[in-house]
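The residues making up each chain are set out below.
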Amino acid sequence: MTQPIYNFSAGPAMLPAAVLKEVQEELLDWQGSHMSVMEMSHRGKQFMSIAEQAEADLRSLLKVPDNYKVLFLQGGATGQFSAIPMNLMPEGGSADYVVTGSWGKKAIKEAGKYGTGRLAAQAEGGFTHIPDPSAWDLDANAAYVHITPNETIEGVEYHQIPDVGDVPLVGDFSSTLMSRPVDVSKYGVIYAGAQKNIGPAGLVILIVREDLLGRARSTCPSVLNWQGQAEAGSMLNTPSCFPWYVAGKVFSWLLDRGGLESMAEINQRKAEALYAAIDNSDFYANPVDPAARSWMNVPFTLADAELDATFLKESADAGLLTLKGHRSVGGMRASIYNAMPEEGVNALIDFMADFERRKG
Ligand SMILES: *Cc1c(COP(=O)(O)O)cnc(C)c1O
């Protein structure tokens, strides 16, 4: 019997085995077309049907209201760090940023190239909590308010949508989109790089309320101009066809599993089991405020950092891969996206208990 392998990588991350298998079966000949999806014209009827089905399934999973466009773009979430101010912030304008971790820090820095990225709130004393929204210093004239609903590196997640009044709320959902239902109507813009919880790298999904289109500066590169991309069906130039196709398979896998309500139940169960294992031990620790702990990325430290290397080697030998924490935080990080089955989390918990018994 070969031991099961579980990959806890933060991104690019594990994809559902069933999806990879289907992709493999269709790799050389997509549904009798005698072509791989990699070899098809993006404007042909075959790829158009793939693209349309992916969008329809995404809309159904997230219950996207009709007055929102869904775009399948390139340049990653980082590309959108620039696109957001260029599409929403007038020359000389200002936007509010709430910084709860490393990605929010990068987003505000990038915005500063195009105007004022104003720090409306930041978690004090390390990124371990969400500052109380009632204390945020919001500017009623801001072009938008930017938040990072899940900070992938620190493992800090919003469990409630903050109320920012009439200013459009923009959320970097890169590591949490599709992990649970989202009330899209509360946001002006939702965006997510695919390689965490959706599909292969090379694709970024953007959901934008229609009334926010048409505000882009004339200097905005065409490929980053949301209105232009919306009018072109995300095909202003050649899109990221293969990742779009794989993302569509992931959406259909999610629908088969009962959609985002059922994913939320599974994800909450996985996260609670892992945090309980950490909290019930004196050997492992997670510094994040329990009210803001991520369901997707669980960083933890060992009581003795000298044991980190041994932990990583032995966990990998046990089939638990890529548990090394981000270099800025140290320790370990278990990313437990949709594709990580409960058995994988339970295998990690068992390994951690055994390691503590032997070395703690
Ligand atoms: C990974 C990640 C990014 C960066 O994504 P790229 O696709 O590499 O640009 C941005 N924000 C968050 C929250 C992330 O997890």
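Residues numbered from 1 in each chain as written. Predicted model: local features only at pLDDT ≥ 70, side-chain atom pairs only at ≥ 80, totals over all residues. Heavy atoms only, no water.

Draft legend 1. Quick peek at the side chain of Ser174. With respect to the element layout, Ser174 can be found in the loop between β8 (169–172) and β9 (189–193). Residue class for Ser174 comes out buried when judged on its relative accessible area of 8%. Side chain to side chain, Ser174 and Asp172 meet in a polar contact 2.7 Å long. A distance of 3.2 Å separates a polar atom in the side chain of Ser174 from the backbone nitrogen of Gly193. (Helix = DSSP H or I, 4+ residues; strand = E, 2+ residues; numbered from the N terminus. Buried < 20%, exposed > 50% of the residue type's maximum accessible area, 1.4 Å probe, protein only. Polar contact = N/O pair within 3.5 Å; in protein donor to acceptor, adjacent residues only side chain to side chain.)

Draft legend 2. Highlighting the site of the ligand. Around the ligand, a shell composed of 13 residues is seen, among which Thr78, Thr152, Asp172, Gln195 and Lys196 lie nearest. Here Thr152 contributes a side-chain N or O atom positioned 2.4 Å from an oxygen atom of the ligand. Expressed as a share of its isolated accessible area of 390 Å², the protein-covered part of the ligand is 87%. In terms of residue count, helix α3 (residues 76–88) provides more of the shell around the ligand than any other element does, four residues in total. Per-class residue counts for the shell around the ligand are three nonpolar, eight polar and two charged. (Near = heavy atom within 4 Å. Areas by Shrake-Rupley, 256 points an atom, 1.4 Å probe, with all protein chains shown as cover. Nonpolar A, V, L, I, M, F, W, Y, C, P; charged D, E, K, R; others polar.)

Draft legend 3. Geometry of the pattern of salt bridges. On inspection of all chains with the given rule, the structure shows 20 salt bridges. Ionic pairing is found between Lys249 and Glu22, a salt bridge with its closest N-O pair at 3.0 Å. One end of the pair, Lys249, is in helix α6 (residues 241–256); the other, Glu22, is in helix α1 (residues 17–26), with 227 residues separating them in the sequence. A relative accessible area of 36% places Glu22 in the partly exposed class. (Salt bridge = Lys/Arg side-chain N within 4 Å of Asp/Glu carboxyl O.)

Draft legend 4. Spotlight on the sheet that holds strand β14 (residues 332–335). One open sheet accounts for three strands, arranged β11-β12-β14; its pairing is antiparallel. Edge positions in the sheet fall to β11 (284–285) and β14, since each has one partner strand and no second. Summarising the sheet, strand β12 (residues 297–302) and β14 pair through four bridges and their orientation is antiparallel. Within β14, the position partnered with Pro299 by the bridge is Arg333. (Pairing = 2+ DSSP bridges.)

Draft legend 5. Here's a closer look at the pairing of β9. Among the five residues that make up β9, five are buried, leaving the element largely enclosed by the rest of the structure. What you see with β9 is no split at all: Val189, Tyr191 and Gly193 on one side and Ile190 and Ala192 on the other are buried throughout. The pairing of β9 with strand β10 (residues 204–209) spans five bridges and is antiparallel. Bridging from a neighbouring strand, Gly193 pairs with Val204 of β10.

Draft legend 6. Spotlight on the environment of Met263. Locating Met263 in the fold gives a position in helix α7 (residues 259–279). A relative accessible area of 0% means that Met263 is categorised as buried. Residues Met263 and Arg180, spaced 83 residues apart in sequence, show a C-alpha to C-alpha distance of 6.1 Å. Among residues more than four places away in sequence, those in contact with Met263 are Met178, Ser179, Trp253, Leu254, Arg257 and Asn338. (Contact = heavy atoms within 4.5 Å.)

Draft legend 7. Fine view of the sheet that holds strand β3 (residues 94–99). With mixed pairing, the seven strands of this open sheet are ordered in space as β2-β10-β9-β8-β5-β3-β4. Each of the sheet's edge strands pairs with one partner strand only, and the pair in question is β2 (68–73) and β4 (116–122). Going across the sheet, the axis of each strand differs from the next one's by a mean of 20 degrees, ignoring polarity. Looking at chain direction, strand β5 (residues 145–147) and β8 are connected through three bridges and run parallel. (Axes fitted to C-alpha atoms, helices over the stretch in contact; angles between N-to-C directions.)

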